[in-house]
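# Analysis of the macromolecular model
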Amino acid sequence: MSSYMFSRDLGTNRWQHLIAKTPLIIVLAGSLSVCGCRSTDSQQILDPEYHALIHSVQRTSSSVIIAAAEAVSPVSIDLEGAHGLEDYIVHAIRQNPEVQAARKQMESLAYLVPVAASLQDPNLAVTVQPKPVQTASGEQTLAMAINQKFPWFGKLEMRAGVAEEQTNIARAKLAAAELNTIEKVKRAYFELYFIQQSTKITEAEQQLLGDIRDVANTRYKTGQTSQQDVLRADLEISNVETDLIQLRQKLQSGQAALARLLHISPQTKVLALDEIPRNQMKLNLESLQEQAIAARPELHAQLAAIQRDRQTVQLARLNYKPDVTLGLNWINVSDSGISPVANGDDAFMMSAGINMPIYRKRLDSQIRSAEAKVVATARQYDALKDNTLEEVTDLFAKIESQKELLLLFEEDILPKARLTLEVSSRAYNVGEVDFLQLIDNWRELLRYEIRYRRQEASLQQSLAQLERVVGGVLVTSYTMQLNHENLLPTLAEPTPVNIPMVPPVPEKKISLKPAPKAELPSIEPPKPKE
C-alpha cells in the first residue's frame, strides 16, 4: 500500500511540475493556432471569378433543368445588326473563353513565383513519454523539436527564376491567343461580308434575269422567238432562287461562327458593314520577316523556354551543394524522480545538419538531362523561326497575287463582262444572238461579280493571317498593336494598305426594248417562288 501511494505521489508531482512549466508549451500552441488560423484564411475565396464559377457549378449540380435553360446565352442586342470590325474585336478580347483561359493560366503561374522563392514550412515535433526517462536532473516527460531547412545559396533565386520564365511563357501564349482570336474574328467577319455581298449581287442579277425573261416573253408574243426562251428564263430564275436559299443558310452559319468567337448567343444577327475600307500601305517582305522574328509571341515563348531550361541547368548544378537544416530542441525535466540531485532544469539543444549529395550518377544525369532539354528547346525555336519565315513569304506572295487579281477584275474583267452582256442583250432584241448566248453571258457576269467579292474578302483574310504571324504589325486598316508591358492588344490608328484603287465602273442600264411587232397569244410563265 505504501509503495502504491509513493508512486501516485510521484505521478502527481510530475504532472504538477509539467503544468507549472507550461508557458513555453502555451507559446508553441499559440504559434500552431496562428498557423491554423492562417490556413483557415487561406481557404477563403480571393478570386471573384472563382467564386462565381463555384456558385455556377453548385447550381448546375442542384438543378440540371435550370442549368440547361441557362446554358444558352441571351441574344446580345448591342451587337445585332451591322457593326464595324473594331466593335467585334474589342468584345472578343474581353469575352472570348480561350483568351480568358490563357489570361487566368498566366495569373496562376505568376502566383507560383513567390511560392518557388520561399522556404519550406518548418517542422515541429512533439514527443510525449508515458514512461518518463530517469536522468540526474529529473524525469524527462515531454520533448519538443523544431527545425528549418535552408537551401544552399542561390537555389531559391534560381527556382524563382525558373517559375518567372514559366510565367513569361504563359504571358507570350496569352498574346498569341489574343492575336489568334483577332484573326479568327476578322476571317469570320470578312466571310460574312462576302456572303452578304454575294446575296445582294445574286438578288440584283435575279432581277436582271427577270427583265430578260420579260423581253423573251414579249418576243414570244410577237412571234420573234419560241416559247423555249421563256421557259429557259423561268428555269434560270428557279436556279437563282436555289442559290439564294444556300446563301441564306451560309449567312446563318457565318453568324453563328462569329457569335461563338464573341461568346454570345448564336441567334444574334451579327452583320458586317456593306463596305470595306481599303487604304494603301507598301508591304516589304524583308521588313515583315524582321518584324515577325522580333514580335511573334510564339517565338517569344520559345525564347522564354530556353531561358527557363538554362536556369534549370544551373539549378541542377547547385544540387551538388548540400542544404542546411537548423533545429532547436526543448526537453521538459521535472524535479521528481529517483535521482537525489534532481533540480528540474529543462534541457535546450540546438542541432545542425546537411544532406549529403554523394550519388554522383544521379546528379550528373540531372545536369545532362537539363542540358539536352536546352538544346531541344533551341532547335524547336529554330524550327518555329523557319516556319515563320516561310509563312510570311507565302502570305506576302498570296497577298500580292490577290491585289493583282482585284486590279484585273476592276480594270478588265468586270467592265468587259458587263459590256458583253449589254451588247448581247441588244443583239437579242433584234434577233442577232440566240437566247442561250444571252443567258451564258448573264451567267458569266454573275460568276465574275461573285468571284470579285470573293477575292476582296480573301485579301482581307490573308492580311489578318499575316498580322497574326508577324505579331500584330500594322498591315490593315484594322490593326492590333502588341503592348509589351501586359501583352494586351490595343487598337492602333488606321494605316493605309497598298491595294490598287481603280474607279468603279458604273453599271450601265441594259436596254431591253423589243422591236414593235404584232401581238400574238402567249403563255404566261409561272411566277418564281418567293
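All residue numbers refer to positions counted from 1 along the written sequence of the respective chain. Two thresholds apply to this predicted model, a pLDDT of at least 70 for residue-level local features and 80 or more for giving and counting side-chain atom pairs, whereas whole-chain, interface and lining totals are computed over all residues. Side-chain measures were taken over the full set of non-hydrogen atoms in the model, leaving aside hydrogen atoms and water.

## Examining the overall build of the chain
- Strands here are runs of E lasting at least two residues and helices are runs of H or I lasting at least four, both read from the DSSP assignment and numbered beginning at the N terminus. The number of helices and strands found in the chain is 13 helices and eight strands.
- Exposure categories follow from relative accessible area, calculated using a 1.4 Å probe and restricted to protein chains: below 20% of the type maximum is buried, above 50% is exposed, and the middle band is partly exposed. When each of the 530 residues of the chain is scored for burial, the buried share is 39%.
- For this analysis, residues touch if any pair of their heavy atoms sits within 4.5 Å. Within the chain, residue pairs in contact and separated by at least 24 positions form 81% of the contacts whose partners lie at least 6 positions apart.
- All accessibility values rest on the Shrake-Rupley procedure with a 1.4 Å probe; residue burial counts only the protein chains present in the view. About 30,100 Å² of surface is accessible on the chain, with carbon and sulfur atoms providing 57% of the total.

## As for the pairing of strand β3 (residues 139-150)
- At least two bridges found by DSSP between two strands is the condition for calling them paired. Bridge count between strand β2 (residues 123-134) and β3: eight bridges; the pairing is antiparallel. Looking across to β3, one finds that V128 is bridged to L142.

## Examining the pairing of strand β5 (residues 324-333)
- Direction of pairing for β3 relative to β5: antiparallel, over a ladder of ten bridges. Across the sheet, A145 pairs through a bridge with N329, a residue of β5.
- With eight bridges connecting them, β5 and strand β6 (residues 347-354) associate as antiparallel partners. Pairing of N329 across the sheet is with M349, part of β6.

## So, helix α13 (residues 435-469)
- To estimate the expected span of a helix, count its residues, drop one, and scale the result by 1.5 Å. When the terminal C-alpha atoms of α13 are compared, their 51 Å separation across 35 residues agrees well with the 51 Å that a helix rising 1.5 Å per residue should span.
- A positive phi of about 85° marks G471, the residue just after α13.

## Considering the sheet that holds β5
- Spatially, four strands are ordered β2-β3-β5-β6 in an open sheet, and the strand pairing comes out antiparallel. Two strands in the sheet have a free side with no partner beyond their single neighbour: β2 and β6. Each strand axis lies, on average, 20° off the axis of its neighbour in the sheet, ignoring direction. Each axis is a line fitted through C-alpha atoms, and for a helix only the stretch in contact is used; angles between axes span 0 to 180 degrees, taken between their N-to-C directions.

## What to know about the packing of aromatic side chains
- Between the rings of Phe, Tyr and Trp (Trp by its six-membered ring), a pair exists once the centres lie within 6.5 Å; its type follows the angle of the planes, with under 30 degrees stacked, over 60 edge-to-face, and the other angles tilted. For the structure on display, the rule yields six aromatic pairs.
- Seen in terms of ring centroids, W152 and F153 are 5.6 Å apart; in terms of plane orientation they differ by 70°. Their pairing is edge-to-face.
- Grouped by ring-pair contacts, the aromatic residues Y88, Y189 and F190 constitute a single cluster.
- A cation over a ring is seen here: R447 above Y448, with NZ or CZ 4.8 Å from the ring centre.
- By definition here, charges over rings are those cases where NZ of Lys or CZ of Arg is within 6 Å of the ring centre and within 35 degrees of the ring normal. Above the plane of the ring of F194 lies R454, whose end atom (NZ or CZ) is 4.2 Å from the centre.

## Topic: the packing of helix α10 (residues 285-295) against helix α11 (residues 297-318)
- Viewed as axis vectors pointing N to C, α10 and α11 meet at an angle of 45°, and their least axial separation amounts to 6 Å. Overall, the two elements α10 and α11 adopt an arrangement that is oblique. Here α10 contributes A292, I293, A294 and A295 to the contact with α11, which in turn contributes P297, L299 and H300.
- For this classification, Asp, Glu, Lys and Arg are treated as charged, while Ala, Val, Leu, Ile, Met, Phe, Trp, Tyr, Cys and Pro are nonpolar and the rest, including Gly, are polar. A per-class count over the contact of α10 with α11 returns six nonpolar, one polar and no charged. Orientation is classified from the angle alone, with under 35 degrees giving roughly parallel, over 145 giving roughly antiparallel, 65 to 115 giving roughly perpendicular, and any other angle giving oblique.

## Observations concerning unusual backbone geometry
- Even without being a glycine, H263 presents a positive backbone phi close to 60°.
- Assignment of secondary structure puts H263 in the loop between α9 (227-262) and β4 (270-271).

## Points about the confidence of the model for the chain
- Confidence scores here are pLDDT values: one per residue, from the predictor, ranging 0 to 100. The pLDDT averaged across the chain works out to 80; a share of 74% of its residues lies at or above 70.
- Highest mean pLDDT in the chain belongs to α11 (96); lowest belongs to strand β7 (residues 480-482) (34).
- A low-confidence stretch, residues 1-11 stays under pLDDT 50, and its non-local contacts, those more than four residues away or across chains, total two contacts.
- Per-residue pLDDT stays below 50 along residues 474-530; that stretch engages in 141 contacts with residues further than four places along the chain or on separate chains.

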